[in-house]
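Residue-level structure breakdown
So the chains spell out like this:
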Amino acid sequence: MPDTNGYLMGGPMMGIRLPSEQVGIIKATNCIIAMSDVLFPPAPPALPCIRCTRCAEACPAELQPQELYWFAKAKNFDKARKYNLFDCIECGACSYVCPSHIPLVQYYRFAKSEIWDQESNQKAADAARVRHEYHEFREEREKREKAEKLAERDRAAQAAKAQKAAAPPTLPPAGEVANVSPSATTVEADSESAIQLKIQQAIEQAKLQAATTTPKNTEQLTPEQRAQIAAIEARRAHIHELASTSVEASSAMLVEANTEVKSQPPTQSPQE
Ligand code: SF4
Ligand code: SF4
């Protein structure tokens, strides 16, 4: 139609204006009305409610539309619910007969959508609260179980310690001790001999190395350089001599210390 300025889904009183003609047809779509200014002239401006109660007389659900209007306008949704707002079938009869041209159905739709929104928010808040409470409960339970496990482990450790302290010390039989001692002494003597032999071999090797080492690139030297080299060689020989003397003395001290240790009687430990 050339004068079409919109589309209405549903009847002329209960229909809902479609935001676009691209909206699909659903099972509840009973009719589509092409709107025009001739069919639906602009509503005159709304005037204050004069409480004539014509709306109440026309209401098929036997509600109090004028009261619902006041509660919806004041956003007193609890009161609107108490006056059975959700029994309204949005037939539009009250708006049609209202002499003040008040769009009553729009007020009821607004109040219903606000209440649904509040309920949705309340449900989300309740779910979050329950989730938070369960999270706290689970944390407390985990802490308690952890503490119980630690206490149980402590008790087991203390019991094991007490059992160990109460048990008598286990000593090897006297015969076994007598049998073991000579072999141990033999092993110690063998190890000392091996150490002595190694020290002696190291000294001999160092002496041989010092004697056979010849300096390189010593041809065509000046007399001063030859004198410096001779002095260095003399110092080196002296250092080698001192080193071998100190090594021999250290090995002698080591052998002497070991001999003293072996000659001392064994000390008894305090626990025994
Ligand atoms: S019909 Fe309109 S003016 Fe009369 S009581 Fe109802 S809302 Fe108020
Ligand atoms: S729209 Fe609601 S309040 Fe108005 S007459 Fe219909 S049922 Fe009653």
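Right, let's talk about the overall build of the protein chain for a bit. Scanning the protein chain from terminus to terminus reveals seven helices and three strands. Across the protein chain, helices and strands are ordered from the amino to the carboxyl terminus as β-β-β-α-α-α-α-α-α-α. Counting only residues that meet the buried cut, the protein chain has 15% of its 272 residues in that class. Considering only residue pairs separated by 6 or more positions, the protein chain has 59% of its internal contacts joining residues 24 or more positions apart. Element-wise, carbon and sulfur atoms account for 58% of the exposed surface of the protein chain, whose accessible area totals about 21500 Å².

Attention shifts here to the pairing of strand S3 (residues 32–35). By the alternation rule, side chains of S3 split into Ile 33 and Met 35, which are all buried, and Ile 32 and Ala 34, of which none is buried. Where strand S1 (residues 6–9) and S3 come together, four bridges link them in antiparallel fashion. Paired with Tyr 7 across the two strands is Ala 34, which belongs to S3.

Attention now moves to the packing of aromatic side chains. Across all of its chains, the model carries six aromatic pairs by this definition. Taking 5.4 Å as the distance between ring centres and 55 degrees as the angle between the ring planes, the aromatic pair formed by Tyr 69 and Trp 70 counts as tilted. Trp 70 sits in the partly exposed class, given a relative accessible area of 32%. Between the aromatic rings of Tyr 134 and Phe 137, the centroid separation amounts to 5.9 Å while the plane-to-plane angle is 40 degrees, which identifies the pairing as tilted. Taken together, the residues Tyr 134 and Phe 137, both in helix H5 (residues 104–166) and three residues apart, mark about one turn of the helix. For Phe 137, a relative accessible area of 44% gives the class partly exposed. Put simply, the rings of Tyr 69, Trp 70 and Tyr 107 pair up and form one aromatic cluster.

Position of His 240 relative to the elements: it lies in helix H7 (residues 223–263). By relative accessible area, which is 39% here, His 240 ends up partly exposed. It is 8.0 Å that separates the C-alpha atoms of His 240 and Ala 210, two residues lying 30 residues apart in sequence.

Attention shifts here to the side chain of Ser 100. Inspection of the secondary structure puts Ser 100 in the loop between helix H4 (93–97) and H5. A polar contact of 2.9 Å, which involves the side chain of Ser 100, links it to the backbone oxygen of Pro 48. When neighbours within four sequence positions are excluded, Ser 100 is seen to be in contact with Pro 45, Ala 46, Leu 47, Pro 48, Cys 49 and Ile 50.

With that out of the way, let us pick up the side chain of Thr 29. Tracing the sequence through the fold places Thr 29 in the loop between strand S2 (16–17) and S3. Polar side-chain contacts of Thr 29 include one of 3.1 Å to the backbone nitrogen of Ile 26.

Attention shifts here to the site of ligand 2. All residues in the neighbourhood of ligand 2 are listed as Cys 59, Pro 60, Pro 65, Cys 88, Ile 89, Glu 90, Cys 91, Gly 92, Ala 93, Cys 94, Val 105 and Tyr 108. Going through the elements one at a time, H4 and H5 are the ones with two or more residues in the shell around ligand 2. In terms of residue class, the shell around ligand 2 is built from 10 nonpolar, one polar and one charged.

Here the focus is the confidence of the model for the protein chain. For the protein chain, mean pLDDT is 84; residues scoring 70 or higher make up 80% of the total. Counted against residues more than four places away or in other chains, residues 267–272, with its pLDDT under 50, gives zero contacts.

Moving on, we get to the pairing of S1. Side chains of S1 alternate between two faces, with Gly 6 and Leu 8 buried and Tyr 7 and Met 9 left unburied. Alignment of S1 against S2, held across two bridges, turns out to be antiparallel. Bridging across to S2, Met 9 finds its partner in Ile 16. Hairpin connection of S1 to S2: six residues between the antiparallel strands, including Gly 10 at a positive phi of 110 degrees.

Cut-offs used in this document
Residues numbered from 1 in each chain as written. Chains lettered and ligands numbered in written order. Predicted model: local features only at pLDDT ≥ 70, side-chain atom pairs only at ≥ 80, totals over all residues. Heavy atoms only, no water. Helix = DSSP H or I, 4+ residues; strand = E, 2+ residues; numbered from the N terminus. Buried < 20%, exposed > 50% of the residue type's maximum accessible area, 1.4 Å probe, protein only. Contact = heavy atoms within 4.5 Å. Areas by Shrake-Rupley, 256 points an atom, 1.4 Å probe, with all protein chains shown as cover. Pairing = 2+ DSSP bridges. Phe/Tyr/Trp six-rings, centres within 6.5 Å; stacked < 30°, edge-to-face > 60°. Polar contact = N/O pair within 3.5 Å; in protein donor to acceptor, adjacent residues only side chain to side chain. Near = heavy atom within 4 Å. Nonpolar A, V, L, I, M, F, W, Y, C, P; charged D, E, K, R; others polar. pLDDT = per-residue confidence, 0-100.

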